[in-house]
Amino acid sequence: MTKQEKIEVIKELQEVLESTNVLYIADTDGLNAQQTSELRRACFKGEISMKVVKNTLLKKAMENVEDKDFSGVFESLKGNSTIFTSERGNAPAKLIQNFRKKIEKPLLKAAWIDSAVFVGDAQLDTLANLKSREELIGEIIGLLQSPIKNVVSALKSSGNTIAGLVKTLSEKEE
């Protein structure tokens, strides 16, 4: 690889890193062509980007990103490395878990999610159980709707009067 090609790869990786808040680094060494193809298809279905990278070029790209600190994952940049990026923090972890039901790879080296660093394959279960942004928003909306539903149902059952509402709410408190 020429120096110019390396510079282009670093710029490309830097753009990827700047545009994501979810980065997984995994070891896919030992996967044959069919298994790699299956993994790529699974990534495509799960809206996950997958790219095999050279560790030195990835590290340089990480160092070039100004707004984010990737230093916590530098120790994991050894051997074969594949990066996974996604909009959802738990998507790559779930994909790796599902894929490993068939074979023992890929192994998680590290993950970087919104500045939080997770190192080692032992973190895979924790990462897979993280709630996505959409799931958290759904839970918050559900919590906010509960008191509103109580007020609306109290109004309906009490004849739509304030006195009836106060009476109904005081009965619920007792």
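Residues numbered from 1 in each chain as written. Predicted model: local features only at pLDDT ≥ 70, side-chain atom pairs only at ≥ 80, totals over all residues. Heavy atoms only, no water.

J.: An account of the overall build of the protein chain is requested, with residue identities and associated values reported.
T.: Looking only at helices and strands, the protein chain has seven helices and five strands in total. Tracing the protein chain from N to C terminus, the helices and strands come up as α-β-α-β-α-β-α-β-β-α-α-α. Burial status across the protein chain gives 36% buried among its 174 residues. About 11,000 Å² of surface is accessible on the protein chain, with carbon and sulfur atoms providing 52% of the total. (Helix = DSSP H or I, 4+ residues; strand = E, 2+ residues; numbered from the N terminus. Buried < 20%, exposed > 50% of the residue type's maximum accessible area, 1.4 Å probe, protein only. Areas by Shrake-Rupley, 256 points an atom, 1.4 Å probe, with all protein chains shown as cover.)

J.: Got a sec to walk through the sheet that holds strand E2 (residues 49-53)? Specific residues and values, please.
T.: Taken together, the five strands give an open sheet; going across it, the order is E2-E3-E1-E4-E5, and neighbouring strands pair in antiparallel fashion. In this open sheet, the two strands that pair with only one neighbour each are E2 and strand E5 (116-119). Sheet twist, expressed as the average angle between the axes of neighbouring strands with direction ignored, equals 20°. Sheet strands touched by helix H2 (residues 33-45): E2 and strand E3 (81-85). Its angle to E2, the strand with the most contacts, is close to 140°. (Pairing = 2+ DSSP bridges. Axes fitted to C-alpha atoms, helices over the stretch in contact; angles between N-to-C directions. Contact = heavy atoms within 4.5 Å.)

J.: Explain the packing of aromatic side chains to me, using residue names and the numbers behind them.
T.: Counting across every chain of the model gives one aromatic pair. Between Phe70 and Trp112, the aromatic rings sit 4.5 Å apart at their centres with planes inclined by 45°, giving tilted as the arrangement. With a gap of 42 residues between them, Phe70 in the loop between helix H3 (55-64) and E3 and Trp112 in strand E4 (residues 107-113) connect regions that are remote in the sequence. The same class applies to Phe70 and to Trp112, which are both buried. One residue, Lys59, lies across the ring of Phe74, its end atom 5.1 Å from the ring centre. (Phe/Tyr/Trp six-rings, centres within 6.5 Å; stacked < 30°, edge-to-face > 60°. Lys NZ or Arg CZ within 6 Å of the ring centre and 35° of its normal.)

J.: So what about the pattern of salt bridges? Which residues, and what values?
T.: Evaluated as defined, the whole model comprises five salt bridges. The partner of Asp27 in a salt bridge is Lys105, with the nearest N and O atoms 3.3 Å apart. With Asp27 in strand E1 (residues 22-27) and Lys105 in the loop between helix H4 (91-99) and E4, this pair connects stretches of sequence that are 78 residues apart. Of the two residues, Asp27 and Lys105, both sit in the buried class. (Salt bridge = Lys/Arg side-chain N within 4 Å of Asp/Glu carboxyl O.)

J.: Provide a residue-level description of the confidence of the model for the protein chain, including the pertinent values.
T.: When pLDDT is averaged along the protein chain, the result is 84; 84% of the residues meet or exceed 70. Model confidence for the protein chain, summarised as mean pLDDT per element, is weakest for helix H7 (residues 162-173) at 62 and strongest for E3 at 93. (pLDDT = per-residue confidence, 0-100.)

J.: Tell me about the side chain of Lys109, and name the residues and values.
T.: Position of Lys109 relative to the elements: it lies in strand E4. Buried Lys109, no salt bridge; nearest opposite-charge side chain is Asp27, N-O distance 5.7 Å. At 2.3 Å, the side chain of Lys109 forms a polar contact with the backbone oxygen of Lys78. (Lys, Arg positive; Asp, Glu negative; His and termini not counted. Polar contact = N/O pair within 3.5 Å; in protein donor to acceptor, adjacent residues only side chain to side chain.)

J.: Residues and numbers for the pairing of E4, please.
T.: Most of E4 sits out of view: six of its seven residues are buried. Alignment of E1 against E4, held across six bridges, turns out to be antiparallel. Residue Ile25 lies in a different strand from E4, and its bridge partner there is Ala110. In terms of strand pairing, E4 meets E5 through four bridges, oriented antiparallel. Its bridge partner being in E5, Ile113 is matched across the sheet by Ala116. What sits between the antiparallel neighbours E4 and E5 is a turn of two residues, in which Asp114 has the positive phi angle 45°.

J.: Requested: an account of the nonpolar core, with residues and values cited.
T.: The biggest cluster of nonpolar side chains holds 21 residues, and the ones touching the most others in it are Tyr24, Leu39, Phe84 and Leu127. Among the elements of the structure, E1, H2, H4, E4 and helix H5 (124-128) are those that each provide at least two residues to this core. Counting residues per element, this core draws most heavily on H4, which supplies five residues. The residues contacting Phe84, other than those within four sequence positions of it, are Val22, Leu23, Tyr24, Ala26, Leu39, Cys43, Ile48, Ser49, Met50, Pro92 and Leu95. Core analysis: the next-biggest nonpolar cluster, separate from the first, contains 17 residues, Ile10, Val53, Ala61 and Phe70 among them. (Core = buried A, V, L, I, M, F, W, Y, C linked by side-chain atoms within 4.5 Å.)

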